[in-house]
Amino acid sequence: MDHTEILTRYTASFIDELSKNGVTDAVISPGSRSTPLAYLFAENEMIKEWVILDERSAAFFALGLAKKTKRPVVIVCTSGTAAANYFPAIVEAYYSRVPLVVLTADRPHELRDVGAPQAIEQIKLYGDYVKWFHEMALPEATPKMLHYVRSKAARASHIASQGNAGPVHLNFPFREPLLPDLSIDNLWGDQNTQSTAPLMEGSKLIDENQVSQLLKKLKSKAKGLIVCGPQTEDRLAEAITELAAAWRIPVLADPLSQIRAGNHNKDMVIEGYDAFLRNEKIREQLRPDYIIRFGAMPVSKAYLFYVQQHTETFQIVVDNNIGFREPAGNQTEFVFSDPVQFCRILSEQADYSLNPDDHWLKLWLNMNRIAKKQLTTGSNGNITEGEAVRGLLDVIPNESALYIGNSMAVRDLDTFFMTTSKKVSVLANRGANGIDGMVSSAVGAAATNGPVTLVLGDLSFYHDMNGLLAAKHYNLNLIILLINNNGGGIFSFLPQASDKKHFEALFGTPVDIEFKQAITMYGGHYEQPKTEEDLKKALNKSYQHQGLSVVEIHTLREDNVKWHQEKWETIQQEILESED
């Protein structure tokens, strides 16, 4: 067996095994050293290949695709700095628990550290930001080595998905010649349709004794609160709202909790808390006896102030697997259990003498009613950023996905995303909260079925404009609401904004770009409405358009700050007057 056949059988066995373990998509960036992997992924009928030229964009594309499908997605690149360009997306995948299988091609060992071109140190390149690293053996095609390569493929897909999902990294040293032979007999090897290393993983469950201990701690506490931060478990919304109804306690639902949208009961859901928890007096009125939190820490900074003001509150954080996500530093009891099962067990204990306080629930519901009334009414003529998000949520299609950018975009979603019976899944890159890669992530999500709408600011858009190439190349349906305040709008809410000498250069950072020209370059449909009603019309038109559509609105940063502050102050004043 010559070198080419050995290389081919080794690599093909690895790829075949990935497909047997649930991998359906591979995102490939072009390069020479990765030729064996690229060729054989393209040849495999069970795995869809996506070719993205820029590795940074490719990795974020894969992140969005994996986030939407909840399956591991492979990324493939050549050796050298190509692999380094994956780093930002791998960091995000690690913190946001998204399964990626990272395959980097490499020079063979004899060409490392000797000045060979395109050879960098790729061993454990991503450090602690991957769940598992393995340096693959040089290709061999003996039965033992073909079993080895399959076992590593199976292990990679399992580790990426199991427990807290995340990225894994396998480094492939390849010697030249690199071109595989696609004509060899039995190219994919083992005809068994089963995985080489089948794996079953059970859920973590709490037992009756643990439930009893927990209920004893809650027995004398009347003012309870359920909080759900960013999470993607489809079944959890119904389980949490059933628990809230059984215990008669409010649910603070983060915009990324998947609780604000859907056909589950929302009678106990509080979505306007960010607007009124900004006030210290109101936070004091709402002193809780206990908090049960699911998911990551909520987006709202006002909620952070709330828990920091009540450090003595008994807090339980429920997570699927081990993870200590409690950035406020409050004393917390962690429960590592299937959160759906946890909710249902506690729901069955509704008759337990927890003594819920009906006035407590009515207090939250009344404040939420006031916030919603103020946030859903009024127009300012020329559209504001909050009104843009509000208008989008009025017309976004049922059974669709909303990918929300960081900085001001996700905060406006937090403020203006009211409960709806529409089924809208909300995705975001909230692991590391960066603004890079947002376009590519949304394009990756759009590579699956169903419409995807991306909302982001002009700086995020500028950071990742080359992500639009994949939307053009694959004619993907993506609607982008581009909120252009010509700079970093979120900084206008921070103390730095008072420094007129350095603020614009260091924080405002206007880019002064006519984005329409870039959108046209990528074959996108473009509109620029002026009012909230015109925005709705433009968005409805975009949802009928095939391919890329961008609806851009222009706002002024200083006006945006003033408008938001007036809304918050009006809400807080009405609440305080109603409680006197």
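If you're wondering where the values come from, they're calculated on a predicted model, not measured in any experiment.

Colleague: I'm lost on the overall build of the protein in this one. Help?
Modeller: When you go through the protein residue by residue, the secondary structure sums to 22 helices and 18 strands. Computed over its C-alpha atoms, the radius of gyration of the protein comes to 26 Å, within 12% of the 25 Å expected for a compact globule of 580 residues. On the principal axes, the C-alpha backbone points of the protein span a range of 85 × 60 × 45 Å. Looking at the protein residue by residue over its 580 residues, the buried ones come to 57%. Sequence separation of at least 24 residues holds for 78% of the intrachain contacts in the protein that already meet a minimum separation of 6. Carbon and sulfur atoms form 49% of the exposed surface of the protein, whose accessible area is close to 23900 Å². Of the charged side chains in the protein, 57 are positive and 71 negative, and the gap between their average positions amounts to 3 Å.

Colleague: Looking at this structure, I do not really get the pattern of salt bridges. What am I missing?
Modeller: If charged atoms from side chains of opposite charge come close, those side chains can pair. Applying the stated rule across the entire model yields 27 salt bridges. Note that Arg56 is salt-bridged to Asp436, the shortest N-O span being 3.4 Å. A residue pair is termed long-range when its members are at least 10 positions apart, and Arg56 in helix 3 (residues 55–69) and Asp436 in the loop between strand 14 (424–428) and helix 16 (438–446) qualify at 380 residues. Note that Glu532 and Arg390 form a salt bridge whose closest N and O atoms lie 2.8 Å from each other.

Colleague: Help me understand the nonpolar core, please; the structure alone is not making it clear to me.
Modeller: Within soluble globular proteins, side chains that are nonpolar generally end up buried alongside one another. Phe276, Leu277, Leu286, Tyr303 and Trp364 are the most contacted members of the largest nonpolar core, which totals 59 residues. Per-element accounting of this core gives the leading share, seven residues, to helix 13 (residues 358–375). Each residue touching Tyr303, except ones within four places of it in the same chain, is listed here: Val227, Leu252, Tyr273, Leu277, Ile291, Met297, Pro298 and Gln315.

Colleague: Would you mind going over helix 8 (residues 236–247) with me for this structure?
Modeller: The α-helix winds at 3.6 residues per turn, so residues separated by three or four positions along the chain end up facing the same way. Relative to the 16 Å expected for 12 residues at 1.5 Å per residue, helix 8 spans 16 Å between its end C-alpha atoms, a close match to the ideal helical length. Residues Leu236, Ala237, Ala239, Ile240, Thr241, Leu243, Ala244 and Trp247 constitute the buried set of helix 8. Against the buried residues of helix 8 lie helix 7 (208–218), strand 7 (224–228), strand 8 (251–253), strand 9 (269–270), strand 10 (290–294) and helix 12 (339–347). Where helix 8 ends, the next residue or the one after it, Arg248, has phi of about 55 degrees, a positive value.

Colleague: Sorry, what's going on with the packing of aromatic side chains here?
Modeller: Aromatic ring pairs are defined here through the distance separating the ring centres and the angle between the ring planes. In total, this model carries 20 aromatic pairs according to the counting rule given. On the basis of an interplanar angle of 80 degrees and a centroid distance of 5.5 Å, the ring pair of Phe87 and Tyr126 is categorised as edge-to-face. With Phe87 in helix 5 (residues 87–96) and Tyr126 in the loop between strand 4 (100–106) and strand 5 (132–135), this residue pair connects regions lying 39 residues apart in the sequence. Among the residues examined, Phe87 registers a relative accessible area of 27% and is labelled partly exposed. With a centroid separation of 5.7 Å and 90 degrees between ring planes, the pair formed by Phe324 and Phe336 is classed as edge-to-face.

Colleague: Explanation requested: the environment of Leu125 in the structure shown.
Modeller: Note that Leu125 resides in the loop between strand 4 and strand 5. With 44 residues separating them in the primary sequence, Leu125 and His169 have C-alpha atoms 8.8 Å apart. Beyond its immediate stretch of four places on either side in the chain, Leu125 contacts Ala83, Ala84, Phe87 and His169.

Analysis parameters
Residues numbered from 1 in each chain as written. Predicted model: local features only at pLDDT ≥ 70, side-chain atom pairs only at ≥ 80, totals over all residues. Heavy atoms only, no water. Helix = DSSP H or I, 4+ residues; strand = E, 2+ residues; numbered from the N terminus. Rg over C-alpha atoms; globule rule 2.2 N^0.38 Å. Buried < 20%, exposed > 50% of the residue type's maximum accessible area, 1.4 Å probe, protein only. Contact = heavy atoms within 4.5 Å. Areas by Shrake-Rupley, 256 points an atom, 1.4 Å probe, with all protein chains shown as cover. Lys, Arg positive; Asp, Glu negative; His and termini not counted. Charge placed at Lys NZ, Arg CZ, Asp CG, Glu CD. Salt bridge = Lys/Arg side-chain N within 4 Å of Asp/Glu carboxyl O. Core = buried A, V, L, I, M, F, W, Y, C linked by side-chain atoms within 4.5 Å. Expected span 1.5 Å × (residues − 1). Phe/Tyr/Trp six-rings, centres within 6.5 Å; stacked < 30°, edge-to-face > 60°.

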